[in-house]
Amino acid sequence: QQVPYLVQGSEPEPAGTNYMFRNTASVVAWDHDLLGGKITLSAYYDIDIVHPDITITKTADCSVAAIGEEVQYTITVENTGDNTIETFWIWDYMLDPLNPIYWASVWDPLNDDPDDLSPGEVLTLDSSDNPKLAHVIQPEDVFLDLYIPNIALIEAWDTQRHYLSRAAGVILLLVEPDIE
């Protein structure tokens, strides 16, 4: 008989400890015919508890910008979990509202050398890697006539198909050019 069990949040150790969860089942019986003794049998199975996690940060080369000014963005992704990230997409809807600005998948049959992120590995993208990360500020980028928000989102799957999603953003202050 199968008995489902949900591992409690307090049971696994922090990421990187290679924690094994031991699931033990025991049966106790009394043999009254032979010696009247107690018989105990048990079996266990160790389950590897994984801690998938990923972080994303986004920075800009300035804190204020004007419409028409070019801003250089940098996105940094780190695999902070203990499983390899096999597939991930990085979205930035201001820089490209329809397509990911970066993606990698070990499942891509057209990619002979796909990127993945091993535990602890860091991927940094800037305009030298992706021209979309150099963006000229447009009027439609401005929010409330004051701010220029920009958010990057990563969606990722590790080797055990755990789904991860994180976001990071940067907000620039809009400045008006001097009027003479």
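The rules behind these values
- Residues numbered from 1 in each chain as written.
- Predicted model: local features only at pLDDT ≥ 70, side-chain atom pairs only at ≥ 80, totals over all residues.
- Heavy atoms only, no water.
- Helix = DSSP H or I, 4+ residues; strand = E, 2+ residues; numbered from the N terminus.
- Buried < 20%, exposed > 50% of the residue type's maximum accessible area, 1.4 Å probe, protein only.
- Contact = heavy atoms within 4.5 Å.
- Salt bridge = Lys/Arg side-chain N within 4 Å of Asp/Glu carboxyl O.
- Pairing = 2+ DSSP bridges.

S.K.: Help me understand the overall build of the protein chain in this model?
M.R.: Tallying secondary structure elements over the protein chain gives zero helices and 11 strands in all. Sequence-ordered secondary structure for the protein chain, helices as α and strands as β, is β-β-β-β-β-β-β-β-β-β-β. Relative to its full complement of 180 residues, the protein chain shows a buried share of 31%. Considering only contacts in the protein chain between residues 6 or more positions apart, those separated by 24 or more positions represent 62%.

S.K.: Explain the pattern of salt bridges to me, please; I cannot follow it from the model alone.
M.R.: Pairing between side chains of opposite charge can happen when their charged atoms approach one another. Considering all chains together, one arrives at four salt bridges under this definition. Residue Lys58 is joined to Asp92 by a salt bridge in which the shortest nitrogen-to-oxygen separation is 2.0 Å. Remark: Asp92 occurs in strand E6 (residues 85-92) and Lys58 occurs in strand E3 (residues 54-60); sequence separation between them is 34 residues. What makes Asp92 buried here is its relative accessible area of 0%.

S.K.: What exactly am I supposed to notice about the environment of Ile148 here?
M.R.: Structurally, Ile148 is set in strand E10 (residues 147-158). Ile148 gets classed as buried once you look at its relative accessible area, which sits at 0%. Setting aside residues up to four positions removed in sequence, Ile148 forms contacts with Ala65, Met94, Ile137, Asp141, Val142, Val170, Ile171, Leu172 and Leu174.

S.K.: Where do I start with the sheet that holds E10 in this structure?
M.R.: Whenever strands of a sheet pair, they do so through backbone hydrogen bonds, lying parallel or antiparallel. If you walk across this open sheet you meet the five strands as E4-E11-E10-E6-E7, and the pairing is mixed. Both outer strands of the open sheet, strand E4 (64-65) and strand E7 (102-105), are each paired with one neighbouring strand and no more. In this structure, E10 lies alongside strand E11 (residues 163-174), joined through 11 bridges in antiparallel fashion. Paired with Tyr147 across the bridge in E11 is Leu173.

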